[in-house]
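# Secondary and tertiary structure notes
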Amino acid sequence: MHLLPHKTNELLDFSIHRFEQALETRPLAINPAPHRQALLALDGSNQDPTVLGLAQAIIPALGQDPKFEIVLASESGASPGQRASLDQARTLLGSKLHGVHESDPSMPAYRQILEAAQKADADWIIVPAPFLRDLDELGADSVGTVLDMLLARFAGTLLVVRVPQKTPGSLLHHWHWPLFPQQKSSAQSADSIGALLQTLPVKQLVLHPVADAALLRLAGQISEQSQGLKEALQMMHAALVVGIQRFCQAAGRPKVHVQPLNGGLPEIMDHLNRFTGLVITQLTQHPQPEAMDKVRQIILHSANPILVTRR
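Residues numbered from 1 in each chain as written. Predicted model: local features only at pLDDT ≥ 70, side-chain atom pairs only at ≥ 80, totals over all residues. Heavy atoms only, no water.

Our next topic: the overall build of the protein. Check the secondary structure of the protein and you find 12 helices and 11 strands. Taken over 311 residues, the protein has a buried fraction of 52%. Restricting to contacts in the protein with at least 6 residues of sequence separation, those with at least 24 account for 83%. Carbon together with sulfur atoms contributes 49% to the accessible area of the protein, which is approximately 13,900 Å² in total. (Helix = DSSP H or I, 4+ residues; strand = E, 2+ residues; numbered from the N terminus. Buried < 20%, exposed > 50% of the residue type's maximum accessible area, 1.4 Å probe, protein only. Contact = heavy atoms within 4.5 Å. Areas by Shrake-Rupley, 256 points an atom, 1.4 Å probe, with all protein chains shown as cover.)

Structure, rendered in structure tokens:
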């Protein structure tokens with residue numbers, strides 16, 4: 001790669017530095033971090049059956065004594081739809097349902113969910129988005145205030161339902177993980193994913209290193225060989241990719257494929273929406289606004305459930 005020094009800027013320097021770090025770093029060691037208890041947030045919508053179907057599908061990830069709790073968060077009292085979903089949950093989960101948190105109209109819905117998660121000591125929350133009235137109030141171009149607050153304040157794993165699915169359990173068979181340059185790959189995220197890969201019926205994991213449109217345009221302006229920079233950007237997550245590949249070599253774990261993608265986020269998500277499965281994304285414990293917005297946009301543009309790790 002030959003760069004024109006007088007046109008190099010901080011963004012390019014950062015990208016090249018990350019690439020060099022990736023090449024020098026050993027493959028990420030994955031130490032599975034188990035999930036033990038899940039909180040289901042039911043809003044009475046047609047997304048609830050998918051929430052419950054995913055709950056049944058993740059039972060193997062919760063160990064020998066799987067526990068679920070349910071929260072009927074609402075600022076106007078639990079609706080008939082939420083009550084109907086609760087009855088269905090009791091039938092489907094039986095003795096695995098250990099508690100129900102009733103709505104508390106004195107608190108915002110997101111706070112009801114967060115407090116229920118704290119009381120349940122939940123490792124993850126399965127939640128439809130937008131939740132409750134968020135869709136009516138904010139429109140279809142927003143993930144809603146409830147999910148915004150969960151992304152900002154919940155320290156565990158979020159499994160977000162966007163579109164109702166007839167066979168939720170089958171969504172766990174194929175996973176897609178877009179790796180954007182702006183997102184930092186963390187060992188904690190890999191540990192969380194590792195635990196799920198070895199316990200859930202995942203058949204295939206596709207890692208998508210992304211060279212996004214903004215950086216590729218910049219590459220074309222400042223590099224005589226933009227293809228070389230494109231490849232560099234796709235290699236920024238090399239340690240994670242190789243670590244996941246080695247982790248999944250064990251018997252019974254999913255096959256791993258690497259499929260680089262280029263373009264803006266809507267184009268990337270349009271490509272992923274051609275498949276039925278689960279989309280993975282990640283946040284650090286104290287995410288930067290750019291990373292938070294990236295996750296919001298992934299959720300907004302996805303037709304599949306999204307697994308947001310932050311552990």
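Structure shown, so let's carry the discussion forward.
Each aromatic ring pair is described using two quantities: the centre-to-centre distance and the angle formed by the ring planes. Enumeration according to the criterion identifies zero aromatic pairs in this entry. The ring of Phe247 carries Arg253 above its face, with NZ or CZ at 4.0 Å from the centroid. (Phe/Tyr/Trp six-rings, centres within 6.5 Å; stacked < 30°, edge-to-face > 60°. Lys NZ or Arg CZ within 6 Å of the ring centre and 35° of its normal.)

Considering the arrangement of structural elements, one finds His35 in the loop between helix 1 (10–24) and strand 1 (37–41). At a separation of 3.2 Å, a polar atom in the side chain of His35 contacts the side chain of Thr157. Here the side chain of His35 touches Ser192 through a polar contact of 3.3 Å, side chain to side chain. (Polar contact = N/O pair within 3.5 Å; in protein donor to acceptor, adjacent residues only side chain to side chain.)

On to the packing of helix 4 (residues 109–120) against helix 6 (residues 145–153), then. Contact pair helix 4 / helix 6: the axes reach a minimum separation of 8 Å and the direction vectors enclose 40°. Our classification of the angle between helix 4 and helix 6 gives oblique. The handedness of the crossing between helix 4 and helix 6 comes out as right-handed. Each of Ala109, Tyr110, Ile113 and Leu114 in helix 4 lies in contact with helix 6, whose residues at this interface are Val146, Met149, Leu150 and Arg153. Grouping the amino acids of the contact of helix 4 with helix 6 by side-chain chemistry returns seven nonpolar, no polar and one charged. (Axes fitted to C-alpha atoms, helices over the stretch in contact; angles between N-to-C directions. Parallel < 35°, antiparallel > 145°, perpendicular 65-115°, else oblique. Left-handed = near helix turned anticlockwise from the far one by under 90°. Nonpolar A, V, L, I, M, F, W, Y, C, P; charged D, E, K, R; others polar.)

A separate point is the nonpolar core. With 44 residues, the main nonpolar core has Leu40, Trp175 and Trp177 as its most contacted residues. Element by element, the count of residues in this core is highest for helix 2 (residues 48–57), at five residues. Beyond its immediate chain neighbours, meaning those up to four positions away, Trp177 contacts Ile193, Leu205, Val206, Leu207, His208, Leu240, Ile244, Ile280, Thr281 and Gln282. Judged by nonpolar contacts, the second largest core, of 40 residues, contains Leu39, Ile113, Leu147 and Ala291. (Core = buried A, V, L, I, M, F, W, Y, C linked by side-chain atoms within 4.5 Å.)

Further remarks concern the pattern of salt bridges. Scanning the model with the defined rule gives five salt bridges in all. Between Glu102 and Arg83 there is a salt bridge, with the nearest N and O atoms lying 2.9 Å from each other. Of this pair, Glu102 sits in the loop between strand 3 (97–101) and helix 4 while Arg83 sits in helix 3 (residues 80–93), and the two are 19 residues apart along the sequence. A residue is classified by how much of its surface remains accessible, and Glu102, at 42% relative accessible area, is partly exposed. The partner of Arg90 in a salt bridge is Asp87, with the nearest N and O atoms 3.9 Å apart. Highlighted residues: Arg90 and Asp87, both in helix 3, separated by three residues, approximately one helical turn. Judged by its relative accessible area of 45%, Arg90 is partly exposed. (Salt bridge = Lys/Arg side-chain N within 4 Å of Asp/Glu carboxyl O.)

With that settled, the discussion passes to the pairing of strand 2 (residues 67–71). Most of strand 2 is tucked away, with four of its five residues classed as buried. Two elements, strand 1 and strand 2, share five bridges in a ladder whose sense is parallel. Across the sheet, residue Ala38 finds its bridge partner in strand 2, namely Phe68. Running through helix 2, the crossover from strand 1 to the neighbouring parallel element strand 2 is right-handed. Here strand 2 pairs with strand 3 via four bridges, running parallel. What sits directly across from Glu69, in strand 3, is Gly99. Assessed by its sense of winding, the connection that carries the chain from strand 2 through helix 3 to strand 3 is right-handed. (Pairing = 2+ DSSP bridges. Right-handed = clockwise from strand over helix to strand, strands pointing away.)

With eight of 10 residues buried, helix 2 lies mostly within the body of the structure. Within helix 2 the residues assigned to the buried category are Asp48, Thr50, Val51, Leu52, Gly53, Leu54, Ala55 and Ala57. Structurally, helix 2 contributes buried residues whose contacts are with strand 1, strand 2, helix 3, strand 4 (124–128) and strand 5 (157–161).

This paragraph deals with the packing of helix 6 against helix 12 (residues 289–301). Put simply, helix 6 and helix 12 touch, their axes get as near as 11 Å, and they point 135° apart. With respect to their mutual orientation, helix 6 and helix 12 come out oblique. Considering the relative orientation of helix 6 and helix 12, their crossing is right-handed. Seen from helix 6, the contacting residues are Leu147, Asp148, Leu151 and Ala152; seen from helix 12, they are Met292, Val295, Arg296 and Ile299. Along the lines of polarity and charge, the residues of the contact of helix 6 with helix 12 split into six nonpolar, no polar and two charged.

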